[in-house]
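The chain contents come next:
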Amino acid sequence: MFLGVDLGTSSVKAVLYDEAGRLVRDASAAYAVASPRPGWAETDPEAWWSATVSAVRTAAEDGLRVKALGLSGQMHGVVLTNLDGSPARPAVLWADGRATRQLAAYEAVPPTLLARLRNPVTTGMAGPTLLWLRDHEPGVYEGASLALQPKDWLRLRLTGKAHAEPSDASGTLLYDLERDAWHDDLVAVLGLRRDLLPPLVASGERVGELSTSAARALGLSEGVQVVAGAADTAAALLGTGLTASQVQLTVGTGAQLVVRSATLPTARRGVHVFRGADAGFYVLGAVQNAGLALEWARRALRAEWREFYALARSADFGSGGVIFLPYLTGDRTPHLDPHARGGWIGAGLQHDASHLARAAFEGVAFSIRQALGALAPAETHLVRLAGGGSVHPWWRQLLADVLERPLEVVDIPDASALGASLLARGAEAPLAKVEGIVEPRGELRLADAVERFEAAYEHLEGWFGPRLGA
Ligand SMILES: Nc1ncnc2c1ncn2[C@@H]1O[C@H](COP(=O)(O)OP(=O)(O)O)[C@@H](O)[C@H]1O
Ligand SMILES: O=C(CO)[C@@H](O)[C@H](O)COP(=O)(O)O
């Protein structure tokens, strides 16, 4: 048996597959994203650990038959930790916007060095966040032994060994994609501690066995091999078996649109280039606020998910003219604006909660549409849909209608966790079974609604930011 563990932003998922690649059981356990100050997004790694114990114990009831465990996880954040895996402070996540002033340090870096990142510089990534921690929490920064990506921290807790691997490292803004290694020149120019970054191994490498204490906590045997694993987006590509002629859309806390590339793509404004778990690369359009914005809107309206959908469905497309900007944590693709913020605009006396709920779904869908536009895949590219935030049939239909593309839904509980289990197994993805295709209906008056949504941000751009305390 092979276990895949995906340390997502909202929950950890554990999936158990047998030797023949059949799903045996899956489980998940949630934790909170805290925002102790405006613009911050943090989670206590100890909450990740408790949730992992709970999800693995449920998924791998008969844990003694597990041979190997692979990891995947949310990208970009930083866990400052001691060598024994005890966190030095809460993890700073990808959705965190505190490091806006530190972006200036990157602007001062010689362009030839910056070009080797092949990525736009923005907040939420390990590099700018580490600069912030150095400047604002010097005691914690100097006292820590390692700065790890979330799933690399989890692996340290499981095995007692610290490593990084290229798919997550390439999302830190401290990685040289041209040389496929930590960007030592940049780290030196920024004045960051190079010793915080652990050695790199390949994503599929077996790095060790579960420690005695971790095996006992998880209910697994000590001999279980632990594989390095991959960033959640890279692992999801493995899980769905994405081909070069497909786009993957994963809707979770954020949403990601991905196209594979066998060779290192040239940088394009507003999109990312990251390393895959295999030798290849992928181009990514990153929507910062997907499930995260829906969850926020649902809570603001004090509705459970069922009620939230019922409210949204009772209003017509266009939400009676109400617009919802989802940029609660800023935006990456296409605006690359860490200062952007969200909210409802255009409400009048005639509107009620149904318009606000509907506008929330439409705003997230329009934001995904804009990211798809920035990624600019060929018309012939099929879009594959995955992710825990994309399961409701009505929401899937709205996404297909707004994207004006058929969406191929694959029958996988969690694509990233499956990818992680495949790395543990050392196998290629079995051909993912297509559960169904959601066809766009072409009935919506899209052009007008999309135009108003896009114009709302354009009017407000530059107004967000310090004025709002961001
Ligand atoms: N019924 C639903 N419809 C849309 N989004 C949902 C629904 N239920 C949960 N979500 C959102 O989906 C996200 C969780 O999806 P998941 O794939 O588990 O994310 P992650 O990998 O980021 O932890 C959360 O942001 C949550 O608010
Ligand atoms: O930000 C990115 C990719 O750039 C995401 O891959 C994050 O890693 C979060 O993923 P989810 O938790 O939303 O799945």
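Residues numbered from 1 in each chain as written. Chains lettered and ligands numbered in written order. Predicted model: local features only at pLDDT ≥ 70, side-chain atom pairs only at ≥ 80, totals over all residues. Heavy atoms only, no water.

Some words on the domain arrangement of the chain
So the rule is basically this: Residue ranges labeled as domains rest on an automatic or database domain assignment. Contacts between residues were defined by any pair of non-hydrogen atoms, one from each residue, lying within 4.5 Å. Once two parts are joined, some of their accessible surface, as seen by a 1.4 Å probe, is lost; buried area is that loss totalled over both. Throughout this description, the term salt bridge denotes a Lys or Arg side-chain nitrogen within 4 Å of a carboxyl oxygen of Asp or Glu. By the criterion applied in these results, polar contacts are pairs of N or O atoms within 3.5 Å in which, for protein atoms, one can donate a hydrogen and the other can accept it, and in which residues neighboring in sequence qualify only through two side-chain atoms. Here a helix means four or more residues in a row that DSSP labels H or I, a strand means two or more in a row labelled E, and each is numbered from the N terminus. Lys, Arg, Asp and Glu make up the charged group, whereas Ala, Val, Leu, Ile, Met, Phe, Trp, Tyr, Cys and Pro make up the nonpolar group; the residues left over, Gly among them, are polar.
When cut into domains, the chain gives domain 1 (2-228) and domain 2 (241-469). Inter-centroid distance (C-alpha atoms) of domain 1 to domain 2 is 24 Å. Listed by partner, the interface residues are 46 residues for domain 1 and 33 residues for domain 2. Together, the buried faces of domain 1 and domain 2 total about 3100 Å²; carbon and sulfur atoms form 63% of this surface. If you sort the residues of domain 1 by the area they bury against domain 2, W94, R118 and P120 come out on top, with a joint share of 19%. The interface formed by domain 1 and domain 2 includes one salt bridge. A salt bridge links R275 to D180; the shortest N-O distance between them is 2.9 Å. On the surface where domain 1 and domain 2 come into contact, there are eleven residue pairs in polar contact (both at pLDDT 80 or more). Elements that contribute at least two residues to the side of domain 1 that touches domain 2 include exactly β1 (2-7), β2 (11-17), β3 (23-30), β5 (68-73) and α7 (166-169). For the side of domain 1 that touches domain 2, the class distribution of residues is 21 nonpolar, 17 polar and eight charged.

Structural notes on the site of ligand 2
The cut-off we apply is this: A single heavy atom is enough: if one lies within 4 Å of a molecule or strand, its residue is considered near that molecule or strand. With residues, only the protein chains shown are counted as cover, and all accessible areas are computed by Shrake-Rupley using a 1.4 Å probe.
Neighbouring ligand 2 are 13 residues; T9, M75, H76, D232 and R332 lie closest to it. A distance of 2.6 Å separates an oxygen atom of ligand 2 from a polar side-chain atom of H76. Side-chain polar atom of R332 to an oxygen atom of ligand 2: 2.4 Å apart, as the coordinates give it. Relative to its unbound accessible area of 380 Å², ligand 2 is 92% covered by the protein chains. A breakdown of the residues in the shell around ligand 2 according to their chemical character gives three nonpolar, eight polar and two charged.

Quick word on the packing of aromatic side chains
Note the threshold: Only rings of Phe, Tyr and Trp enter the pairing, Trp through its six-membered ring, and a pair is recorded when the two centres are within 6.5 Å. The plane angle decides the type: under 30 degrees is stacked, over 60 is edge-to-face, the rest tilted. Buried means the residue's accessible area, taken with a 1.4 Å probe over protein chains only, is under 20% of the maximum for its type, while exposed means over 50%, and partly exposed covers the values in between. In this scheme, the term charge over a ring applies when either NZ of a lysine or CZ of an arginine sits within 6 Å of the ring centre and within 35 degrees of the ring normal.
Counted under the stated rule, the structure contains 19 aromatic pairs. On the basis of an interplanar angle of 85° and a centroid distance of 5.4 Å, the ring pair of W40 and W132 is categorised as edge-to-face. Taken together, the residues span a long stretch of sequence, with W40 in the loop between β3 and β4 (42-43) and W132 in helix α4 (residues 126-136) at a distance of 92 residues. W40 gets classed as buried once you look at its relative accessible area, which sits at 12%. Taking the relative accessible area as the measure of exposure, W132 reaches 8% and is therefore buried. Joined through ring pairs, the aromatic side chains of W305, F308, Y309, F361, W394 and W395 make up one cluster. A cation sits over an aromatic face here: R98 above W132, 4.7 Å from the ring centre. A cation over an aromatic ring shows up here: R157 above the ring of W49, its NZ or CZ 5.2 Å from the ring centre.

Looking at the nonpolar core
For clarity, the cut-off: What is meant by a nonpolar core is a set of buried Ala, Val, Leu, Ile, Met, Phe, Trp, Tyr and Cys residues, joined one to another through side-chain atoms within 4.5 Å.
In terms of nonpolar packing, the biggest core is built from 55 residues, with L249, V251, F361, I368 and W395 touching the most fellow members. Beyond its immediate sequence surroundings of up to four residues, I368 is in contact with L249, V251, A255, L257, V287, L399 and L403.

Description of the pattern of salt bridges
Tallied over the full model, the rule gives 29 salt bridges. Here R157 and E46 are joined by a salt bridge, their closest N and O atoms 3.1 Å apart. Highlighted residues: R157 in helix α6 (residues 150-159) and E46 in helix α1 (residues 45-59), separated in sequence by 111 residues. Between D168 and K151 there is a salt bridge, and its shortest N-O distance comes to 2.9 Å. One end of the pair, D168, is in helix α7; the other, K151, is in helix α6, and 17 residues separate them in sequence. Residues participating in the shared-partner salt-bridge network are E42, R89, D96, R98 and E137.

Some details on the pairing of strand β16 (residues 281-287)
Counted only if it meets this: Two strands qualify as a pair provided DSSP detects at least 2 bridges between them.
Taking burial as the measure, the seven residues of β16 include seven buried ones, the bulk of the element. Residues F281, V283, G285 and V287 of β16 are buried on one face, and the alternating residues Y282, L284 and A286, pointing to the opposite face, are buried as well. Two strands pair when backbone bridges link them, and strand β14 (residues 255-261) and β16 are joined in this way by seven bridges, in the antiparallel orientation. Bridge pairing links S261 to F281 in β16. As defined by bridge partners, strand β15 (residues 272-275) adjoins β16 across four bridges and the pair is classed as antiparallel. Within β16, the residue paired with H272 across the bridge is L284. Hairpin connection between β15 and β16: a loop of five residues separates the two successive antiparallel strands.

Examining the site of ligand 1
Taken together, 17 residues lie around ligand 1, and S10, K13, T253, Y309 and G388 are the ones closest in. A distance of 3.2 Å separates an oxygen atom of ligand 1 from a polar backbone atom of S11. In the environment of ligand 1, a nitrogen atom lies 2.4 Å from a nitrogen or oxygen atom belonging to the side chain of Y309. The protein chains hide 83% of the 570 Å² of surface that ligand 1 would expose on its own. When contributions to the shell around ligand 1 are tallied by element, the ones reaching two or more residues are β2, α11 (291-300) and α12 (305-313).

Examining the sheet that holds β2
Applicable threshold: Axis angles are defined between N-to-C directions and span 0 to 180 degrees, where every axis is a line fitted to C-alpha atoms and, for a helix, only to the segment in contact.
The sheet built from six strands is open, its strands ordered β3-β2-β1-β5-β12-β11 with mixed pairing. Either end of the sheet is taken by a strand with one partner, and the two such strands are β3 and β11 (206-209). Within this sheet the neighbouring strands show an average axis-to-axis angle of 20°, counted without direction. Where β11 meets strand β12 (residues 225-231), three bridges bridge the pair, whose relative direction is antiparallel.

Some thoughts on α12
Threshold: Here the arc refers to the directions that run from the helix axis out to each C-beta atom.
For α12, the full list of buried residues reads F308, Y309 and A312. Along the long axis of α12, the arc covered by the buried residues comes to 95°, so they all point the same way. Of the surrounding secondary structure, the elements contacted by the buried residues of α12 are α11, α13 (353-375) and α14 (393-403).

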